[in-house]
Every structure is written in structure tokens, then in C-alpha cells.
Amino acid sequence: MSFKSELDMLQYICLNFSKQDILKYAVEYKQPFLYVVRSVLPKVISFIKEDSELQFNMLLDMTAIHYPDRSEPFQIRYLFYSSKLKKRLTIYIFSTEDVPIQTISNVYLNADWYERELHEMFGILFDYHSDFRALFLSDCETYPLRKDKL
Amino acid sequence: MKNIFKFVQNWAVEKSLTAYVYKDGCCSFLENLLSNYIQNTSNPHHADLLVVSGIVNKKSIAVLEKIYNQMPAPKYILTVGNCSINGGIFKNNDVIQLKNFLPVSVEIPGCPVSSDSIRQGIKELRNIIRRE
Amino acid sequence: MISDGYFMNISPMPATGMGIIRFVAQVDGEKILEINPFVGFSYRGIEKCMEQHNILGGLIFSEKVFSDGIFQSQYPYVLACEKMLGLRVPKPIQDIRVFLIELTRIKVHLRIIANIATDTGIIVASPLISKMISRIKGTISKVIQSPTLSFFRPGGVAASIHPDTKQICLNLLSEISIFTQEMKQLIDNSIFKSRTTDKGILKDNDVFSFGITGINARASGVKIDVRKDNPYESYDEYDFEIPTKKSGDCYSRFLLRFDEIYQSIYIIKRIFEKFSGNYNVVQSTKYDLDELKLPSESIYQPTESSLGELGCFLVGNSTEKPYRCHFRSNGISVLQAINSICTGCDLTDFRSIVSSLGIVMTEVDR
């Protein structure tokens, strides 16, 4: 069975999780996205990968945005692609500077370099990670993409 | 006597320049424009000119110094384009100027570089070699 | 990490036309046991620079991401701006933009074919292909009658095109099809086949676990193309095919590039059949773009470039400058998979495998 619209697909995902876990879902410019609580992220990701209707089996991109005025300043974005449905799905989580986020590089192998890039550009921590050397920059001390570094 | 040897050496270098091109950015067709005047090589042991175009980083200055140390004397450096002279349009903590680290002979400005500037720059380089 | 063997440094320019990158390989005799890439030599901080300039300044920075394909890295940024600002683009201008993009796609494929031939040992192909590329570039600048730097603008294009465009381009297309057939017969001989068959195989589970798109995925049997799956501009009106191959080695990636050139020629011919013939296009002037403000929303626009999926992610906050801009590049995914592609092959084949993958370092490091 295939979904008639992106909103049907989002409601199908939200049926399998409780109301406190998924904060918000919407469709903007024909692109579906979800806001998820940080601790539930591994369960959501394994569900959307293994479900037979959805099959989001490719991770295309990972980025972050810095909002210095909020209490949880970093907003991290994951972009998934399903080769069966031919659709893209965006998942957002919020995080702070000190608490590490669980890595997904055992499920999607290319998250390795994306997490290293986020660490050296913003200072976000990921745990159970293999190494944290600088990828593009020459050192890991300056975090150039933060908003207070001009 | 010494002057005659120096004159012959400068004449030989000037008429048969061999260049090692380090191309990192988007000044396109650089090899085609330069190959009207200079020959290319891919081994720094055989080159007497290092052509740098594109941005120079804190990471890539180490690579450039290694290449420059492997070239036999007499050796010259030519920087092509605004990006290697002072960073061009990219203003960053990471981007550095090449002339603070290595001795540059001729700088050719432009973004992108036109073929007239390259011809004039090579003429200037030949004058510098002849007068040395 | 394997602790036997000898460490070898392959640097700074391992393949033709790629850029600066460093590989450290662990070899045993001539066989590669493990390989690791080190990147970052072309890092310029484009994403930080784009936050400090308005929309017109962003056009210049977005071109530096992939400057070999002339309009291909500006295209997702221009499409994303148009959707956020709500600008409608009339049909003839969409056709012109699709036609120019397909022409640059042919140019980049020819350049990568020349690189593969040079790295495999057939060095006679490169000057001939460079001559044809100069011809394509000359035709583009004759048709658009303006500098190529900021020809694509949000809302349309910057200048009107030449009144004789149809005749000029159909002549060029017949020359390109004859030329590619000759090149294929020149390069594709028994020595080339024995040097590239069954080398550098990319399996199809690796395509999914590493997130690889573009020609590298299609040569391994996975049918992914943004122009068919999520069509943009006027691509849904032309019925072109997506060729795939099964083996995923260096030779099938080389052959697939010729098939894609023929599909691009087919699309351009369909565009000129439908073209109404009205060549006076609407320009978007500079004064309008300076004052437009981006709303507080975010958008991701994917496009299909010659290297894979190139997309632009834009976030605005009701000012003229974007709050965050990010480009999704395919080279990062391919470089992470290079350990599983290249283990077990000889050191002499490494150069041709890397240049057949089609990686450009300015797109990876941004």
C-alpha cells in the first residue's frame, strides 16, 4: 500500500509512538518533517528503517542550526530517503552543549563524517563514537559556524 | 668569468621554464592558458617554477612547503588569482596569505584571471630571471 | 586496523582533475589492505560567508561550490529562493534553464571521460576532448550574450538569448553525437577493457548504507534519479529514460556516461521541438532583488547534477540575509565508501578507480 499524501505518511508514523515523544509534525513546501524528543531518536530511526511500508534506508544529510537565545540552542536535522516510496523525510531534534547525543553510525554508515563535521563546527558531542579528530579544519578549538563567532 | 656562467644559466632557465601546477580552486582553463608559454610536469624534482592558484589554508601550507623544499635551486613562485594573494572574497580565520610564508616572485591578480594578465605576468617573470 | 604491511602516502593530487586530497594506504607488496582519506585542503568557509551577504551575494558564493559545471551549483540555490519568495517563472524561461543545464551536463561528462582515459594510460584522448569542451563553452557564451557568472537569477535569467539559438544548437548537437561515437571507438579497446573490468566494485548494499546517489548508484543497479522521482522545473514533460548497469565496476561507470550524454541530447532536441520561438525573455533586475526579504521558513531543494544529488538547504528569518545555508554534496558519501571499494585491488589500478568515481574536492570541502 502506498500513501496518498505526505500527511498520511506522517500520521502513520505518529500512530506507533506516544504523544509526548513526537512534539510536532507538519508539511511545508510539500516536504514532511517531524520534531522528536532527543531520547526517543534511536527507536524512531529503527522503526522507519525496518517497517515494510516505509523503508527509509538511506541517510542523505545531517546539519545543525544555532539559535543562541533559546534554552536548547542547537537544532539538528537528519534527512532520510526511501527508495521504495521515493520520498524524503526530515527529523529535527534539539540539544544543548554538554549532553552527548547517541550516534547512529552503526545503522547508517555515512553518519560518521557528518557527526565529526558537526562536532568541529559547532561543538556538539556524540557518544560511542570512534574518533573525534578534526575533519575539515586544522584544529578543534574554534567553532566557526556558531553565531557569536563573527 | 662568474658573470658569464650566471648569464648562461639565467638564459637557459628563462627559455625553458617547467612548472608544477598546484590548482585548488576555480580559475578554470589555467593549464590551457599556461601551456602556451610553459611546460608542465608532475614531479617537483624536475620543476623550477611553482604555480599556485586557489586558496591557501592552514592545512595546505604544510603541503606547499614540502613541495617547495623538494625543488632544486634556482626556483621561483608564481601566484595566480586573487585567492592566493590575500584570500579574495573569502574572509576567514583559516585563510592565509602565501607571501608571509614563502618567497613569491610574481603575483598575477584577477578574479577570474584573464589571458592578458597571464601573458604580462610571464613577461615580468622572464625579466626577473634575466636580471638576477 | 591491520598491523601488517607498509604505510604509503598518496598525495597531493592522486587523480587528474580532482583536487587536493591525501590518502594513506596500507600495502602488502602491490595489494592494498586498507585505505584512509584525509580531506580539508580546500576548505573556504562558504557557508559562513553566505550568512553575511544578501541574495545577490549568495549567487556568487554558491557558484564556487562546483565551478566546473557552470550553472549546476547555482541552480538549487536559485530554485530554493524562488520557492520561498513565491516568484513564478514563465514556461519559456524554464525551458531555457533546462536546456543550459543539460548542455553543461554533457560538458562535465566529457571532462570526466577524458580524466578516466588519461589515468588508464590512453593520453591521446585528452587534447581532443578539450577542444570539444572549448567549442561547447564558446557556444554557451554566444547564446547567452552575457557573462556566465550570475546568469541564473531568482525570478528568471539575466539577459535575453540570441535569436538564432535553435540553428546554432542543432548544429552543435549533431557535432557532439558524431564526436562521442568516435571517442568511444578510440578509447574502448581490449587494453582498456582488461584494465578496468572487475576493478573497484561498488555493491548495492553499500549504495544504501553510505547514501550514494548519481551515476555511481546507477552503475550498481539502483535506479535513483531526482529528475524522475521528485521532478522540478519542466522535467516532467519530457519522457527520457534512466539507463542502469549491473556490475558496478569501473568499466560500467565509464560506459554509463556515454548513455547519459545520449539522453541529454534527446532532451535538448525535445525542448527545441516545443519551443514557441519567442526569444525575448523577462529579466529580473538588480533593484528588485536587493530589497526582498526571506520569510522565517526552511526549504530543501534537491537537483541532479553530473556528480550526484546536489541540494541546497535554506533557512530565513525575515531579513535580507539567510540565517543558514547548507549544500548537500555527494562526494562525502563516496569518499567514506572508498575503503570497501578499493580493498584488494592493486596500487596501479587505484588511480583509474578514483577518477571513475567522479569526486571533486571543492564540492566536498566547500
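The structure under discussion appears in the preceding block.
Residues numbered from 1 in each chain as written. Chains lettered and ligands numbered in written order. Predicted model: local features only at pLDDT ≥ 70, side-chain atom pairs only at ≥ 80, totals over all residues. Heavy atoms only, no water.

**Remarks on the overall build of chain A**
Point 1. Counting its regular elements, chain A contains 3 helices and 7 strands.
Point 2. Taken from the N to the C terminus, the helices and strands of chain A come in the order α-β-β-α-β-β-β-β-α-β.
Point 3. Relative to the compact-globule value of 15 Å for 150 residues, chain A shows a C-alpha radius of gyration of 16 Å, a close match.
Point 4. Projecting the C-alpha coordinates of chain A onto the three principal axes gives extents of approximately 50 × 30 × 25 Å.
Point 5. Long-range contacts, defined here as pairs at least 24 residues apart, represent 48% of the contacts in chain A between residues at least 6 apart.
Point 6. For chain A, the exposed area adds up to about 7000 Å²; of that, 50% sits on carbon and sulfur atoms.
Point 7. Of the charged side chains in chain A, 18 are positive and 21 negative; the average position of the first set lies 8 Å away from that of the second. (Helix = DSSP H or I, 4+ residues; strand = E, 2+ residues; numbered from the N terminus. Rg over C-alpha atoms; globule rule 2.2 N^0.38 Å. Contact = heavy atoms within 4.5 Å. Areas by Shrake-Rupley, 256 points an atom, 1.4 Å probe, with all protein chains shown as cover. Lys, Arg positive; Asp, Glu negative; His and termini not counted. Charge placed at Lys NZ, Arg CZ, Asp CG, Glu CD.)

**Regarding empty space enclosed by the protein**
Point 1. Tallied over the entire structure, the rule returns 6 cavities of 30 Å³ or more.
Point 2. Around the largest cavity sit Met62, Thr63, Ala64, Glu117, Leu118, Met121, Phe122 and Leu145 of chain A together with Arg324 and His326 of chain C, which together line it.
Point 3. Elements with a contribution of two residues or more to the lining of the largest cavity: β3 (58-66) and α3 (111-122) of chain A together with β8 (324-328) of chain C.
Point 4. Ranked by the residues each element gives to the lining of the largest cavity, the list is headed by α3 of chain A, at 4 residues.
Point 5. In terms of residue class, the lining of the largest cavity is made up of 6 nonpolar, 2 polar and 2 charged. (1 Å grid on protein atoms, 1.4 Å probe; cavity = no way out; pocket = protein on both sides within 12 Å on 5 of 7 lines; lining within 4 Å. Points joined across faces, edges and corners; volume = space filled by probe spheres on them. Nonpolar A, V, L, I, M, F, W, Y, C, P; charged D, E, K, R; others polar.)

**A few points about helix α5 (residues 125-144) of chain C**
Residue and element names in this part refer to chain C.
Point 1. If you check α5, its first and last C-alpha atoms are 29 Å apart, about what 20 residues at 1.5 Å a residue would give, namely 28 Å.
Point 2. Looking at the packing, one finds that the buried side of α5 touches α4 (91-120) and α6 (165-187).
Point 3. Trailing α5 by a residue or two, Gln145 shows a phi angle of about 55 degrees, which is positive. (Expected span 1.5 Å × (residues − 1).)

**A word on the packing of α4 of chain C against helix α15 (residues 350-357) of chain C**
Residues and elements named next belong to chain C.
Point 1. Across the interface, α4 lies against α15 with an axial gap of 8 Å and an inter-helix angle of 175 degrees. Here α4 lies roughly antiparallel to α15, going by the angle between them. Counted together, Ile112, Asn115, Ile116, Asp119 and Thr120 of α4 and Arg351, Ser352, Ser355 and Ser356 of α15 form the full contact between these two elements.
Point 2. Counted by class, the contact of α4 with α15 contains 2 nonpolar, 5 polar and 2 charged residues. (Axes fitted to C-alpha atoms, helices over the stretch in contact; angles between N-to-C directions. Parallel < 35°, antiparallel > 145°, perpendicular 65-115°, else oblique.)

**Considerations on the packing of aromatic side chains**
What describes a pair of aromatic rings is the distance from one ring centre to the other and the angle between the planes of the rings.
Point 1. Enumeration over the complete set of coordinates arrives at 22 aromatic pairs over all chains.
Point 2. Between Tyr78 of chain A and Phe80 of chain A, the ring centres sit 6.3 Å apart and the planes meet at 5 degrees, which makes this aromatic pair stacked. Each member of the pair, Tyr78 of chain A as well as Phe80 of chain A, carries the same accessibility label: buried.
Point 3. Taken together, the ring pairs connect Phe71, Tyr75, Phe151, Phe152, Tyr232, Tyr235 and Phe240 of chain C into an aromatic cluster. (Phe/Tyr/Trp six-rings, centres within 6.5 Å; stacked < 30°, edge-to-face > 60°. Buried < 20%, exposed > 50% of the residue type's maximum accessible area, 1.4 Å probe, protein only.)

**Quick word on the interface of chain A and chain C**
Point 1. Counting residues at the interface gives 40 residues for chain A, matched by 42 residues for chain C.
Point 2. Between chain A and chain C lies a buried interface of about 3500 Å² when both sides are counted; carbon and sulfur atoms form 56% of it.
Point 3. It is Tyr29, Trp113 and Phe136 of chain A that lose the most area in chain A upon contact with chain C, and together they represent 21% of the buried surface on that side.
Point 4. For the pair chain A and chain C, the number of links is 3 salt bridges.
Point 5. Here Glu117 of chain A ties to Arg366 of chain C by a salt bridge, and the two come within 3.8 Å at their closest N and O atoms.
Point 6. No other element matches β3 of chain A, which puts 8 residues into the side of chain A that touches chain C. (Buried area = accessible area lost by both parts, 1.4 Å probe. Salt bridge = Lys/Arg side-chain N within 4 Å of Asp/Glu carboxyl O.)

All we've got here are geometric facts, nothing functional implied.
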